[in-house]
Every structure is written in structure tokens, then in C-alpha cells.
Amino acid sequence: MNLIFLGAPGAGKGTQAEVVTKKLNIPAISTGNILREAVKNGTAQGIEAKKYMDSGELVPDEVVIGILKDRISQDDCKKGFVLDGFPRTVAQAEALENMGIKIDKVVEIYVSDEDIIERLSGRRVSEISGVSYHIKYKPPKVEGICDVTGEKLIQRDDDKPETVLHRLKTYHEKTAPLKDFYQKQGKLVTVIGQEKVADTTKLTFEAIGI
Ligand code: ADP
């Protein structure tokens, strides 16, 4: 099964993508995680991408499309994958089609802007595993520490309040039009993001039919 998760920053795409990939035993591809890894490693691509990421802008299409192409051509994607955070523009969705990739379903996780702002301000992430937590809604077992790696959790630079507002604006302008794009293809299913992760997961599984 080839799936796309769509939604505003902080809507819970990454969290649900993780659960679904575990259940289906297929990889999750997060362009955000790949870009953050490049930033951390100080690659030329990472240095270029950081400027956009820190200000809440999208990284240029040609850069992310190149990253996605490389990742999706790897062997572990042959039996299916979940895309988390890609496509984010109509041009990226068209690039997927031009690669000959068939998408089965597009799951939109809907959360109001007001709730998004609260969620992102409480989000903490593990830099090594890429796993994210929320101080209130999805706390780690030990405060401030990643359950998986045991490292200290951090707040992403782009989760700072002024950047969050800009990311939301970017989402509405550039990414939300994708809902129409996939609705027309009959692939869009919408899940209303719940306060508890497990409740959203239940609705997500139902929407995908797994
Ligand atoms: P979130 O969904 O919480 O905003 P991501 O981890 O998906 O976070 O992305 C973080 C940042 O990485 C984005 O704000 C953007 O700058 C960049 N990025 C990630 N994926 C894409 C993409 N498909 N196209 C353009 N930029 C991207």
C-alpha cells in the first residue's frame, strides 16, 4: 500500500505515519526528517535547506523532489511506503505522478489552527530517532528523555512561536490545495485529529481500511 499523510504542521502526521508503518511493516518517508538529518550533518544540501526551514518556508521543490526520488527508489519501498510531509505543493504531487508512482490513499489529519499552535509549542523531539513527543498529550516515560534512545529531547528551532505562524500560513497557501487535487482523484480521506493519539490512530486505521 502506498499512502500519503497530509495535514498542517503538528497535526500528527508523523505520529500516525509511524503507527501505520509498524502495522503494515513498510517504511515511513519523512522529508522533514531527511532534511533535518542533512542539516545536522552539515551537508551542502542541509546548509541550503536550513535557511528555509528556520523561517518556516518550504524548501525548493527541486531539492525535495530529488531527495524523495533517491529515497523511494530504495529496495525497502518496493512493498509500499507512507509519505509523511511530501508532497507539500501541487508541483511535488505532479512529480510523484511523473515518477509513475501510484498512490492508494491520501489521509488528511485535520486539526484547527488554534489547536496546532498549542500542540507545536509543547512538541519535543529526539534528534537521533526522529520520534516526537508532546509535554501534555504524548509525554515520554521519563520527562525530557526519549523512550527509544535515552537522549535528551529538544524543541525544534522551527517550533518557536513566530515560525509556527509562518508555517501555518505556508501550509494554507501551498499545501492545502493538495486536498482538492487528491479529492478529484477520489483518494482523499479525512481524519479529525483527536486529543489522544490512540483515538486518532483508531480513526486512521478505519479510514485506510486496515
Ligand atoms: P512539520 O510537518 O511539522 O512542519 P516537517 O518535519 O514535515 O514538519 O518539515 C519541516 C520543514 O522541512 C518544513 O517547514 C519545510 O521547510 C521543510 N520540508 C519538509 N518537507 C518538505 C517538502 N515536501 N517540501 C518543501 N519543504 C519541506
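Cut-offs used in this document
- Residues numbered from 1 in each chain as written.
- Predicted model: local features only at pLDDT ≥ 70, side-chain atom pairs only at ≥ 80, totals over all residues.
- Heavy atoms only, no water.
- Pairing = 2+ DSSP bridges.
- Helix = DSSP H or I, 4+ residues; strand = E, 2+ residues; numbered from the N terminus.
- Axes fitted to C-alpha atoms, helices over the stretch in contact; angles between N-to-C directions.
- Polar contact = N/O pair within 3.5 Å; in protein donor to acceptor, adjacent residues only side chain to side chain.
- Contact = heavy atoms within 4.5 Å.
- Phe/Tyr/Trp six-rings, centres within 6.5 Å; stacked < 30°, edge-to-face > 60°.
- Buried < 20%, exposed > 50% of the residue type's maximum accessible area, 1.4 Å probe, protein only.
- Lys NZ or Arg CZ within 6 Å of the ring centre and 35° of its normal.
- Salt bridge = Lys/Arg side-chain N within 4 Å of Asp/Glu carboxyl O.

Structural notes on the sheet that holds strand 7 (residues 188-192)
Taken in spatial order, the five strands make up an open sheet running 2-3-1-4-7, and their pairing is parallel. Each edge of the sheet is formed by a strand with only one pairing partner; in this case those strands are strand 2 (28-30) and strand 7. With direction set aside, neighbouring strand axes in the sheet form an average angle of 20 degrees.

Details of the side chain of Arg167
One can find Arg167 in helix 7 (residues 161-175). Within the local environment of Arg167, its side chain forms a polar contact with the side chain of Asp159, the two groups lying 2.9 Å apart. Setting aside residues no more than four positions away along its own chain, Arg167 makes contact with Pro9, Gly56, Leu120, Arg123, Arg156, Asp158 and Asp159.

A word on the packing of aromatic side chains
Here the structure, examined in full by the defined rule, presents one aromatic pair. Centroid distance Phe181 to Tyr182: 5.0 Å. Interplanar angle 80 degrees. Geometry classified as edge-to-face. With relative accessibility at 17%, the residue Phe181 sits in the buried group. Residue Tyr182 is classed as buried on the basis of its relative accessible area of 2%. Directly above the ring of Tyr133 sits Lys138, whose terminal nitrogen or CZ lies 5.5 Å from the centroid.

Side note on the pattern of salt bridges
Inspection of every chain in the model, using the stated rule, returns 15 salt bridges. Between Asp157 and Lys160 there is a salt bridge whose closest N-O contact spans 3.7 Å. Connected through shared salt-bridge partners, Arg123, Arg156, Asp158, Asp159 and Arg167 make up one network.

Some remarks on unusual backbone geometry
For the bond running from Phe86 to Pro87, omega is -5 degrees, close enough to zero to count as cis. Position of Pro87 among the secondary structure elements: in the loop between strand 3 (81-84) and helix 5 (90-98). Phi is positive for Asn25, close to 55 degrees, though the residue is something other than glycine. In this structure, Asn25 sits in the loop between helix 1 (13-24) and strand 2.

Without other data, these values stay purely geometric and don't point to any function.
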